[in-house]
Amino acid sequence: MLINCVVYQQGRKVRDISIAEISDWIGRGDSFVWVALKDASVDELLTMQYEFNLHELAVEDAHHGHQRPKIEEYHDSLFAVLQMITLLPSGELQLGEVNIFVGKDYVLSVRNHSDQGFLGVRARAEREPKLLQHGSGFVFYALIDAVVDRYLPIIDALEIELEAIEDSIFEKGAARANIRRLYELKQKMIILRHAVMPLMTAVGKLYGGRVPELCNATQEYFRDVYDHLYRVNIALDAMRETIGTAMQVNLSMVAIEQSDIAKRLASWAAIFGAATSLVGVWGMNFEHMPELKWAYGYPLALTSVAMVCGVLYWRFKKAHWL
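Not measured: the values here are computed from a predicted model.

We now examine the overall build of the protein chain. Within the protein chain, the secondary structure is distributed over 11 helices and 7 strands. In summary, the protein chain has a C-alpha radius of gyration of 35 Å against a globular reference of 20 Å for 322 residues, an excess of more than 25%. Summarising its shape, the C-alpha atoms of the protein chain cover approximately 120 × 35 × 30 Å along the three principal directions. Looking at the 322 residues of the protein chain, the share that counts as buried comes to 43%. Across the protein chain, every contact between residues at least 6 apart in sequence was considered, and the portion connecting residues at least 24 apart equals 64%. As displayed, the protein chain offers around 17,700 Å² of accessible surface, 57% of which is attributable to carbon and sulfur atoms.

Structure, rendered in structure tokens:
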């Protein structure tokens, strides 16, 4: 589905154009076309390939989707794949993808399986005509920067979730539930890490040293994007260590709870074992047992059993086994 198709000249918007008019603006040298598609069909991609002379391998990757984040150079054009991650109200992460084709006089973004648009990016770029004069290279930066900036609130949300789990670590009976929550949080972190790490490596090649010609005028902006990605990666590393520690603590809490249960069972077994031993002695049916004929034998037996059990209960209670 076509979202918009706009031509820009000297850093300012000229007008919206149709797909058929794209060829009229390509090759002028003082303008570029910015096209945005959502869940593009095969025919739409083939049309864009014809209009912008896109490389067939890049188009094939955009069609099949599910690519790892990357930035590839094809002669005088670039092709980028970025993962768009949305934090749903349920707490789950929804994974989408955006493919960006960049040439000297065009920018084409193809968004798949995501409701996060780039209208804000377009409005921001149009408010900064001096930067937009850098052409498609600045738009390329603005799109990548918008995707990376959307990772930061997700990191904040995951950190808040981790802090909530840490607050409940020492609550009695919550250890098993905490381990499950920690594993779910770890899975979310892995999804985000798979989006960040390859992209950080790719963006690192867009500033300093030999960079694509399209990015020469915007190297400092891509360095800023790299810094954001580096910060996200540092936060993910810190969360990974914290999650590992929290898991170890929770497993220790489970072991402690199991030990407490074993202590309670052992204590009661000892108490009833002592009572059973005493009762068993007097329960032997030997003929010559003096206390069996004694009038106070039965009360003495009960008192002895009660005293022994009481002393054992007191000792176990004092040792915090009960």
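Having seen the model, we can carry on.
This part is about the side chain of glutamate 51. Relative to the helices and strands, glutamate 51 resides in helix H2 (residues 42-52). The buried charged residue glutamate 51 lacks any salt bridge, with arginine 28 as its nearest oppositely charged partner at 12 Å. When residues no more than four places from it in sequence are discounted, the contact partners of glutamate 51 are Ile19, Ile22, Ser23 and Ile26.

Following the criterion strictly, the structure yields 12 aromatic pairs and no others. Between phenylalanine 138 and tyrosine 141, the ring centres sit 5.7 Å apart and the planes meet at 45 degrees, which makes this aromatic pair tilted. Of this pair, phenylalanine 138 and tyrosine 141 are both found in helix H6 (residues 136-149), 3 residues apart, which corresponds to roughly one turn of the helix. Sitting above the plane of the tryptophan 25 ring, arginine 28 keeps its charged end 3.9 Å from the centroid. Just above the ring of tryptophan 34 sits the side chain of arginine 122; from NZ or CZ to the centre is 4.1 Å.

Right, let's talk about empty space enclosed by the protein for a bit. In total, this model carries 1 cavity of 30 Å³ or more according to the counting rule given. Of the volumes computed, that of the largest cavity is approximately 40 Å³. Along the walls of the largest cavity sit Leu54, His55, Ala58, Tyr74, Ser77, Leu78, Phe79, Phe101 and Tyr106, which together make up its complete lining. Considered class by class, the residues forming the lining of the largest cavity number 7 nonpolar, 2 polar and no charged.

For the protein chain, the average pLDDT comes to 87, and 98% of its residues sit at 70 or higher. Within the protein chain, the lowest mean pLDDT, 69, falls on helix H10 (residues 290-293), and the highest, 94, falls on H6.

Relative to the assigned elements, asparagine 4 resides in strand E1 (residues 2-9). A polar side-chain atom of asparagine 4 sits 2.6 Å from a polar atom in the side chain of arginine 122. Contact partners of asparagine 4, with chain neighbours within four places excluded, come to Trp34, Val35, Ala36, Leu119 and Arg122.

Empty space within the largest pocket amounts to approximately 460 Å³. Along the wall of the largest pocket there are 26 residues; nearest its centre are Lys104, His134, Gly135, Ser136 and Leu214. Contributions of two or more residues to the lining of the largest pocket are made by E1, strand E3 (31-38), strand E5 (77-87) and H6. Residue composition of the lining of the largest pocket, grouped by class: 7 nonpolar, 13 polar and 6 charged.

Applying the stated rule across the entire model yields 10 salt bridges. The partner of arginine 240 in a salt bridge is aspartate 237, with the nearest N and O atoms 3.6 Å apart. Placement of both arginine 240 and aspartate 237 in helix H9 (residues 219-282) is noted, with a separation of 3 residues, approximately one turn of the helix. Because the salt bridges share partners, they merge into one network encompassing Asp61, Lys70 and Glu72.

Take the sheet that holds strand E7 (residues 106-112) next. If you walk across this open sheet you meet the 7 strands as E2-E1-E3-E7-E6-E5-E4, and the pairing is mixed. The two strands at the open ends of the sheet, each matched to only one other strand, are strand E2 (12-16) and strand E4 (70-74). Each neighbouring strand pair of the sheet contributes to a mean axis angle of 20 degrees, computed without reference to strand direction. Pairing of E3 with E7, which is carried by 6 bridges, proceeds in the parallel orientation. Following the sheet pairing, valine 35 is matched in E7 by leucine 108. Across the sheet, helix H4 (residues 119-126) touches E1, E2 and E3, and the angle it forms with E1 is around 10 degrees.

Turning our eyes to something else, we now look at the packing of H4 against H6. Interaxial distance between H4 and H6 falls to 10 Å at its minimum, and their mutual angle equals 135 degrees. Of the possible angle classes, the one that applies to H4 and H6 is oblique. Crossing hand, H4 versus H6: right-handed. Two secondary-structure elements touch here, H4 through Val121, Arg124 and Ala125 and H6 through Phe138, Tyr141, Ala142, Leu143, Asp145 and Ala146.

Turning next to the nonpolar core. Ranked by size, the top nonpolar core spans 59 residues in total, and within it Trp34, Ile100, Phe140, Ile144 and Leu192 carry the most contacts. Leaving out residues up to four positions away in the same chain, isoleucine 100 has contacts with Leu78, Phe79, Ala80, Leu82, Val107, Leu108, Ser109, Phe140 and Leu143. Core analysis: the next-biggest nonpolar cluster, separate from the first, contains 23 residues, Ile22, Ala58, Tyr74 and Tyr106 among them.

Conventions and cut-offs
- Residues numbered from 1 in each chain as written.
- Predicted model: local features only at pLDDT ≥ 70, side-chain atom pairs only at ≥ 80, totals over all residues.
- Heavy atoms only, no water.
- Helix = DSSP H or I, 4+ residues; strand = E, 2+ residues; numbered from the N terminus.
- Rg over C-alpha atoms; globule rule 2.2 N^0.38 Å.
- Buried < 20%, exposed > 50% of the residue type's maximum accessible area, 1.4 Å probe, protein only.
- Contact = heavy atoms within 4.5 Å.
- Areas by Shrake-Rupley, 256 points an atom, 1.4 Å probe, with all protein chains shown as cover.
- Lys, Arg positive; Asp, Glu negative; His and termini not counted.
- Salt bridge = Lys/Arg side-chain N within 4 Å of Asp/Glu carboxyl O.
- Phe/Tyr/Trp six-rings, centres within 6.5 Å; stacked < 30°, edge-to-face > 60°.
- Lys NZ or Arg CZ within 6 Å of the ring centre and 35° of its normal.
- 1 Å grid on protein atoms, 1.4 Å probe; cavity = no way out; pocket = protein on both sides within 12 Å on 5 of 7 lines; lining within 4 Å.
- Points joined across faces, edges and corners; volume = space filled by probe spheres on them.
- Nonpolar A, V, L, I, M, F, W, Y, C, P; charged D, E, K, R; others polar.
- pLDDT = per-residue confidence, 0-100.
- Polar contact = N/O pair within 3.5 Å; in protein donor to acceptor, adjacent residues only side chain to side chain.
- Pairing = 2+ DSSP bridges.
- Axes fitted to C-alpha atoms, helices over the stretch in contact; angles between N-to-C directions.
- Parallel < 35°, antiparallel > 145°, perpendicular 65-115°, else oblique.
- Left-handed = near helix turned anticlockwise from the far one by under 90°.
- Core = buried A, V, L, I, M, F, W, Y, C linked by side-chain atoms within 4.5 Å.

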